[in-house]
Amino acid sequence: MARIKIGVLRGGPSSEYEVSLKTGEAVLKHLDRRVYEPNDVLIDKTGVWHLGGLKSEPHQVFRNIDAAFNAMHGEYGEDGKVQQLMDAYKIPYTGSGSLSSATAMHKRLAREIFGAAGILTAPAVSVTANDDPSARAAGAVRKMLFPMIVKPASRGSSVGISLVNDIYGLVLAIEKALKHDKEVLIEKYIAGREATCGVLEDFRGQKHYAFPVVEIVPPPYKKIFDYDCKYDGSSREICPGRFSDEISSAVKRSAVAAHQSLGCRHYSRSDFRIDDKGRAYLLEMNTLPGLTSESLYPKAASAIGLEFGNLLDHLITLAFKK
C-alpha cells in the first residue's frame, strides 16, 4: 500500500524562523513511516521554497505531496498567507484556514472578537506606527495603572515584548515593539500565575476537547513568560496545573470559546493569566502551537496519554476531512 506523502512546511520569512525549524524537525522525526512518507519543505528567510533540499516553486512542491503539515509559526505561515496559497492549489493542510489564522494573529482584532464572545481580556490601548508614541503612552496611563505589557500586535513567541513600570519605559517599549510590527498593544499587566490550555477537535467523542490546563512558572528572575523562557528550558511547566477545579474548568471553557469565536479548526492553544481572585484573563490564542521538545501543547497531550506520533496522525486525519 502506497504511503501518504506529507510535506512538512517549516521555516519561512518570520521572526519565529528558528522555532519553526524545530517544530518541523520534530514532526519529520515522529511521523509514522509505515503510513506516511515525510517530505521536508523548507521555506528560507527570503521566502524561497525548497523540497528535499532543492529549490522548488510552490506548485512543484504541491504536485509531489498529498497533504501539508504546516509547522511554520509567525508571519507568512501563521497569518493566513501560506493558507491562501494552499487553498488555491486545493492542498489539504493542518491547522486553521486563512481567515481564522489572520484574525488570531492580529491581537487587537482577536481581542475585539473575544470580548464580543464574553471572554475576559485585560484593558488595552493600540498604537500604530503613525501615532505619536508619547501621546499614546499618556492615553494608556489615563486608562490604566502601571505595570503594563507592551507587545507587537501581530507577532508570536513573545517577540518584542516588554514589562514597564513608568512612562519613560513605556515610550521606549513602544518604540522597541514598533521595530517588529506596524501596530503595538499596551495591556494592563495582570499579576498572578501563567497558564495555557490546548484544544483539539474531534477527540474522544468531543467536537472541541480541552487538554489539561498547564501552569507555567518562569524562573524567579523573570516576571513574564518571554521568548527566552519559552525555549531555553528555564521555566517549569506543571501539568495539570495547581489550580482549583473551578479555575481549571473556567480556563478550559474560555480556550474552547476562543477557538470557536475565531472559527479555528483542528487545534489551538490559548494563553492566560490567573489573578489573585481566580479570574482567568485570555492573553492570546495560537492557531499553530509549537511542537518542539520544549513546547507546551505536546506535553499536555502526553499527560492524557496522547503520544506525539498519534497526535500528528490525528491532525493529518483532520486535514483530510476538510
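### Let's talk about the packing of aromatic side chains
Going through the model one piece at a time under the given rule, you end up with six aromatic pairs. With a centroid separation of 5.3 Å and an interplanar angle of 50°, the aromatic rings of Phe62 and Tyr89 are classed as tilted. Here Tyr89 lies in the loop between helix H3 (81–88) and helix H4 (98–105) and Phe62 lies in helix H2 (residues 58–63), a separation of 27 residues in the sequence. Measuring from ring centre to ring centre gives 6.1 Å for Tyr209 and Phe211, while their planes differ by 65°; the resulting arrangement is edge-to-face. A relative accessible area of 14% means that Tyr209 is categorised as buried. Feature note: the residues Phe203, Tyr209, Phe211, Tyr267 and Tyr297 constitute an aromatic cluster, connected by ring pairs.

### Side note on the nonpolar core
The tendency in soluble globular proteins is for nonpolar side chains to be buried as a group. Counting 31 residues, the largest nonpolar core has Phe69, Leu200 and Phe211 as the members making the most contacts within it. For this core, the secondary-structure elements that each account for two or more residues are strand S1 (4–11), helix H1 (17–30), strand S5 (67–70), strand S10 (193–203), strand S12 (214–217), helix H10 (296–303) and helix H11 (308–320). Ranked by the residues each element gives to this core, the list is headed by H11, at six residues. With near-sequence residues (within four places) excluded, Phe211 lies in contact with Cys197, Gly198, Leu200, Lys252, Tyr297, Ala300, Ala301, Ile304 and Leu306. Formed by 22 residues, the second largest nonpolar core is a distinct cluster that contains Ala110, Ile119, Ala255 and Phe272.

### Section: the pairing of strand S7 (residues 148–152)
Taking burial as the measure, the five residues of S7 include five buried ones, the bulk of the element. Covered by surrounding structure in S7 are Met148, Val150 and Pro152 together with Ile149 and Lys151, the residues of both alternating faces. Note that S7 and strand S9 (residues 183–188) share five bridges and pair antiparallel. Paired with Pro152 across the two strands is Val184, which belongs to S9.

### Let's talk about the packing of H4 against helix H5 (residues 107–116)
Look at H4 against H5: their axes get within 5 Å of each other, and the N-to-C directions meet at 100°. In terms of orientation, H4 and H5 fall into the roughly perpendicular class. In contact with Thr103, Ala104 and Met105 of H4, H5 contributes Lys107, Leu109, Ala110 and Ile113. When the residues that make up the contact of H4 with H5 are grouped by side-chain class, the tally is five nonpolar, one polar and one charged.

### A few points about unusual backbone geometry
With an omega of 0°, the peptide bond between Phe146 and Pro147 qualifies as cis. Looking at the secondary structure, you find Pro147 in the loop between helix H6 (133–143) and S7. With an omega dihedral of 0°, the bond running from Cys239 to Pro240 counts as a cis peptide bond. In this model, Asp202 sits at a positive phi of 50°, which is unusual for a non-glycine residue.

### A word on the pattern of salt bridges
For the structure on display, the rule yields 17 salt bridges. Between Asp79 and Lys81 there is a salt bridge; the shortest N-O distance is 3.0 Å. Linking Arg273 and Glu194 is a salt bridge whose minimum nitrogen-to-oxygen distance equals 2.9 Å. With a gap of 79 residues between them, Arg273 in strand S14 (residues 267–274) and Glu194 in strand S10 connect regions that are remote in the sequence. On the accessibility criterion, Arg273 (5% relative accessible area) is buried. Classification of Glu194 as buried rests on a relative accessible area of 9%. A network of salt bridges, in which partner residues are shared, links Arg111, Lys151, Glu187 and Glu284.

Criteria and thresholds
- Residues numbered from 1 in each chain as written.
- Predicted model: local features only at pLDDT ≥ 70, side-chain atom pairs only at ≥ 80, totals over all residues.
- Heavy atoms only, no water.
- Phe/Tyr/Trp six-rings, centres within 6.5 Å; stacked < 30°, edge-to-face > 60°.
- Helix = DSSP H or I, 4+ residues; strand = E, 2+ residues; numbered from the N terminus.
- Buried < 20%, exposed > 50% of the residue type's maximum accessible area, 1.4 Å probe, protein only.
- Core = buried A, V, L, I, M, F, W, Y, C linked by side-chain atoms within 4.5 Å.
- Contact = heavy atoms within 4.5 Å.
- Pairing = 2+ DSSP bridges.
- Axes fitted to C-alpha atoms, helices over the stretch in contact; angles between N-to-C directions.
- Parallel < 35°, antiparallel > 145°, perpendicular 65-115°, else oblique.
- Nonpolar A, V, L, I, M, F, W, Y, C, P; charged D, E, K, R; others polar.
- Salt bridge = Lys/Arg side-chain N within 4 Å of Asp/Glu carboxyl O.

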